Amino acid sequence: MVLVTSHDDAHQDTAVDFRGNPVDKSKTGGWLGAGLILGTELSERICVMGISMNLVTYLVGDLHIPAAKSATIVTNFMGTLNLLGLLGGFLADAKLGRYLTVVIFASITAVGVTMLTFATTISGMRPPSCDDYRKQHHQCIEATGQQLALLYAALYTIALGGGGIKSNVSGFGSDQFDSGDPKEEKAMIFFFNRFYFCISLGSLFAVIVLVYMQDNIGRGWGYGISAGTMVIAVAVLLCGTPWYRFKKPQGSPLTVMWRVLFLAWKKRSLPYPSHPSFLNDYQNPKVPHTDKFKCIDKAAIVDDHAPAGGNKNNPWIVSTVMEVEEVKMVLKLMPIWSTCILFWTVYSQMTTFTIEQATFMDRKVGSFEIPAGSMSTFLFISILLFTSLNERLFVPLGRKITHNPQGLTSLQRVGTGLIFSIIAMVAAALVEKERRDIAVQNGTKMSAFWLVPQYFLVGAGEAFAYVGQLEFFIREAPARMKSMSTGLFLSTLSMGFFVSSLLVSLVDKVTKKIWLRSNLNKGKLANFYWVLAILGVLNFFAFLAIATRHQYKVQQSAEPEDCDEKELKTTNDLMIKEVDKEGALV
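### Notes on the overall build of the chain
- Helix and strand counts for the chain stand at 17 helices and 2 strands.
- Taking all 586 residues of the chain together, the buried fraction comes to 54%.
- Counting contacts in the chain only where the partners sit at least 6 residues apart, residues at least 24 apart contribute 82% of the total.
- Element-wise, carbon and sulfur atoms account for 62% of the exposed surface of the chain, whose accessible area totals about 25,600 Å².

Next comes the structure, spelled out in structure tokens:
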């Protein structure tokens, strides 16, 4: 299928139908198109959460992979998935557009989950069973590289597809509404609410229904349902093509950033001009020139290769001041970006070691035994609860106290989330120490409901940190780089999972495999949680030092050029609502 787009550059941001004609609002877009798109996000959540929240039990229990290595496999998978969101966003912005990107990557996800279904059902893909491996009465046979090959191929195919969906599906859904139409603009706010609902619904279905099926009926059934759901979502997405609105890709901001940095390095030996006004297009920038990161200004120096009236407008020869300043604005975000990573390192423990803890605890309610992976239901309940409290309690209360239309600033939300993550690791360490003592000294199992505090605290932290980080990157990124700002935010999640993998590997090596063992009763997992808590405290102080020095974009200009004070306040309120609705579950 070939999507026809308009070739009129003057209207490149105008929505068109699948034939490339101006849209008929009565027949395209709106809730019909957006509703079909939401099904793709629902399916993606079912697939990813159904895998990530219960994969570690399969790796340790069926493939006999050590706990530390299993945790690394899971966190590397999730880290790659979020990192590939940058690739999906780049392809959509630069060439494919959101529609084709979502269709292609959703199809890739369906293939990946199908591969995972085969990898977990073919007996030759697993080592011989070892029922009492946790008691270490005899040596279990670990899965070989050949047996893991299909599993790895499936996981990273899913990561590729999921990353492309994650970075584009919400944007494609919002494209179905005209922000210039007051009625459709209000509907767009409700779209983000429905988007959030689909994330929640898909995640809860995965951890309650699919995890139970994986543990009690068979992995093949659990993953097979996910694969079928994804195939149906792709079919529905394609069938809805005549009812969508499309926007022509306008080029990726990553290309602009790379070009500016390349030119700055290329011209590094050139002297600075006597005054910034000699820089290219200094008189007409929408973003005023600043003195920070002065070395990047060299990208806008008009040298002998860019004679007046000649190649001055060639972006590969000389950049404009506006392009240079946009890159500077992104670089200013990086210190905050770096201090957001550790929160997601803590969060990743909810998908690995906390799940493994649950397998060593009493999970029975009457005669029914809760699957270990389903304990993460409390994480999502906490996220739902605190996200609602944010909108209905904390933000209105903050507005009254601070007289700030945002209630809590984005960095205040991030800081609150970091505090919750520290307390969560302290609680996790205390619970794990008590659990191990009871198991070793008394030979009994502690109730798995003692894990609820750490799930609850991390969920509360995510409700603040996720929304705060997303809001911060959307607000503070350059106006032309809003789509990339979401990718920048997703990269903090990615790095958080990768840092977790690195920490697990380092701790496992330094402690000579004593702390992190498959048999937690013989390990010292509590010490690893204490390490995370200490790192969290150090990271929080670093965050405070950076955040207190950060100037929000609104503070940098006393007189906004493009809108008056009333319009700015309206935009502020709209952004708060939009971010609160969109930001929740990972």
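Structure shown, so let's carry the discussion forward.
### A short note on the confidence of the model for the chain
- Of the residues in the chain, 85% reach a pLDDT of 70 or more, and the chain-wide mean stands at 81.
- Below a pLDDT of 50 lies the segment residues 1–12, which in the model reaches 17 contacts outside its immediate sequence neighbourhood of four places, other chains included.
- Between residues 555–586, whose pLDDT stays under 50, and residues either more than four places distant or in other chains, the model counts 64 contacts.

### Quick notes on the packing of helix 1 (residues 30–52) against helix 4 (residues 145–166)
- Orientation of helix 1 relative to helix 4, taken along the N-to-C sense of each, is 145 degrees, at an axis distance of 11 Å. For helix 1 against helix 4, the interelement crossing comes out left-handed. Residues T40, E41, E44, R45 and I51 of helix 1 lie in contact with helix 4, whose contacting residues are L155, I158, G162, I165 and K166.

### Some remarks on a nonpolar patch on the surface
- Together, F205, I208, V209 and I225 make up an exposed nonpolar region whose accessible area comes to about 280 Å².
- Top contributing element to the nonpolar patch by residue count: helix 6 (residues 182–216), with 3 residues.

### Digging into the pattern of salt bridges
- Under the defined criterion, the tally for this structure stands at 11 salt bridges.
- Residue R45 pairs with E44 through a salt bridge whose shortest N-O separation is 2.9 Å.
- K328 serves as the salt-bridge partner of D297, at 2.9 Å between the closest nitrogen and oxygen. Residue D297 is located in the loop between helix 8 (253–266) and helix 9 (321–348), and its partner K328 is located in helix 9; the two are separated by 31 residues in the primary sequence. Taken individually, D297 and K328 each receive the classification buried, so the pair is uniform in this respect.
- Through salt bridges with shared partners, one network takes in E41, E44 and R45.

### Here we look at the environment of C130
- With respect to the helices, strands and loops of the structure, C130 is situated in the loop between helix 3 (67–121) and helix 4.
- Considered as a pair, C130 and H64 are 66 residues apart in the sequence and their alpha carbons are 8.0 Å apart.

### Here's the deal with the nonpolar core
- Among the nonpolar cores identified, the biggest contains 132 residues, and L59, Y347, F353, L379 and F528 are the most heavily contacted of them.
- Of the residues forming this core, the biggest block, 17 residues, is contributed by helix 3.
- The residues contacting F528, other than those within four sequence positions of it, are Q349, F353, L503, V504, V507, W515 and L516.
- Core analysis: the next-biggest nonpolar cluster, separate from the first, contains 14 residues, V256, L263, L279 and V327 among them.

### Some points on helix 3
- For helix 3, built from 55 residues, the straight-helix expectation of 81 Å at 1.5 Å per residue is missed by more than 12%, its first-to-last C-alpha distance being only 22 Å.
- Taken as a whole, helix 3 carries its principal kink of about 120 degrees at L96.

### Structural notes on helix 1
- In this model, helix 1 (23 residues) spans 33 Å end to end at C-alpha, consistent with the 33 Å of a helix rising 1.5 Å per residue.
- Of all 23 residues in helix 1, 17 are buried, a share of seventy percent or more.

### Observations regarding the environment of F191
- Residue placement: F191 occurs in helix 6.
- Separated by 161 residues in sequence, F191 and G30 have C-alpha atoms that sit 9.4 Å apart.
- Excluding its chain neighbours within four sequence positions, the residues that come into contact with F191 are W31, A34, L38, S170, G173, S174 and F177.

### Quick word on the packing of aromatic side chains
- Using the criterion set out here, one finds 21 aromatic pairs in the structure.
- When the ring of W344 is compared with that of Y466, the centres are 6.1 Å apart and the planes differ by 85 degrees; the resulting orientation is edge-to-face. One end of the pair, W344, is in helix 9; the other, Y466, is in helix 13 (residues 452–476), with 122 residues separating them in the sequence.
- Take W344: its relative accessible area is 0%, and that puts it in the buried class.
- Here F378 and F449 contribute two aromatic rings whose centre-to-centre distance is 6.0 Å and whose plane-to-plane angle is 80 degrees, an arrangement assigned as edge-to-face. Within this pair, whereas F378 is found in helix 11 (residues 377–402), its partner F449 is found in the loop between helix 12 (410–442) and helix 13, the two being separated by 71 residues in sequence.

### Structural notes on the side chain of S421
- Of note, S421 is situated in helix 12.
- Note on S421: relative accessible area 4%, which makes it buried.
- Polar contacts involving the side chain of S421 include one to the main-chain carbonyl oxygen of L418, which spans 2.6 Å.
- S421 has contacts with F343 and V346, leaving out every residue within four places of it along the chain.

### Notes on unusual backbone geometry
- Its identity as a non-glycine residue notwithstanding, H64 has a phi of 60 degrees, on the positive side.
- Note on placement: H64 falls in the loop between helix 2 (55–61) and helix 3.
- Positive phi outside glycine occurs at K512, with the angle close to 55 degrees.
- Examined against the element boundaries, K512 turns out to sit in the loop between helix 14 (482–510) and helix 15 (525–547).

### Some thoughts on the environment of V211
- Residue position: V211 is located in helix 6.
- Sequence-wise, V211 and N54 are 157 residues apart; in three dimensions their C-alpha atoms are separated by 6.4 Å.

### Re the packing of helix 1 against helix 7 (residues 219–239)
- It is the contact of helix 1 with helix 7, at a shortest axis distance of 9 Å, that shows an interaxial angle of 160 degrees. Our classification of the angle between helix 1 and helix 7 gives roughly antiparallel. Note on packing geometry: the crossing formed by helix 1 with helix 7 is left-handed. Facing helix 1, whose interface residues are L36, I37, G39, T40, S43, E44, I46, C47, G50 and I51, helix 7 presents Y223, S226, T229, M230, A233, V236 and L237.
- For the contact of helix 1 with helix 7, the class distribution of residues is 10 nonpolar, 6 polar and 1 charged.

Calculation criteria
Residues numbered from 1 in each chain as written. Predicted model: local features only at pLDDT ≥ 70, side-chain atom pairs only at ≥ 80, totals over all residues. Heavy atoms only, no water. Helix = DSSP H or I, 4+ residues; strand = E, 2+ residues; numbered from the N terminus. Buried < 20%, exposed > 50% of the residue type's maximum accessible area, 1.4 Å probe, protein only. Contact = heavy atoms within 4.5 Å. Areas by Shrake-Rupley, 256 points an atom, 1.4 Å probe, with all protein chains shown as cover. pLDDT = per-residue confidence, 0-100. Axes fitted to C-alpha atoms, helices over the stretch in contact; angles between N-to-C directions. Left-handed = near helix turned anticlockwise from the far one by under 90°. Patch = residues over 30% accessible without salt bridge, like charges linked within 9 Å, V, L, I, M, F, W, Y side chains within 5 Å. Salt bridge = Lys/Arg side-chain N within 4 Å of Asp/Glu carboxyl O. Core = buried A, V, L, I, M, F, W, Y, C linked by side-chain atoms within 4.5 Å. Expected span 1.5 Å × (residues − 1). Bend = angle between axes of the 7 residues up to and from the residue. Phe/Tyr/Trp six-rings, centres within 6.5 Å; stacked < 30°, edge-to-face > 60°. Polar contact = N/O pair within 3.5 Å; in protein donor to acceptor, adjacent residues only side chain to side chain. Parallel < 35°, antiparallel > 145°, perpendicular 65-115°, else oblique. Nonpolar A, V, L, I, M, F, W, Y, C, P; charged D, E, K, R; others polar.

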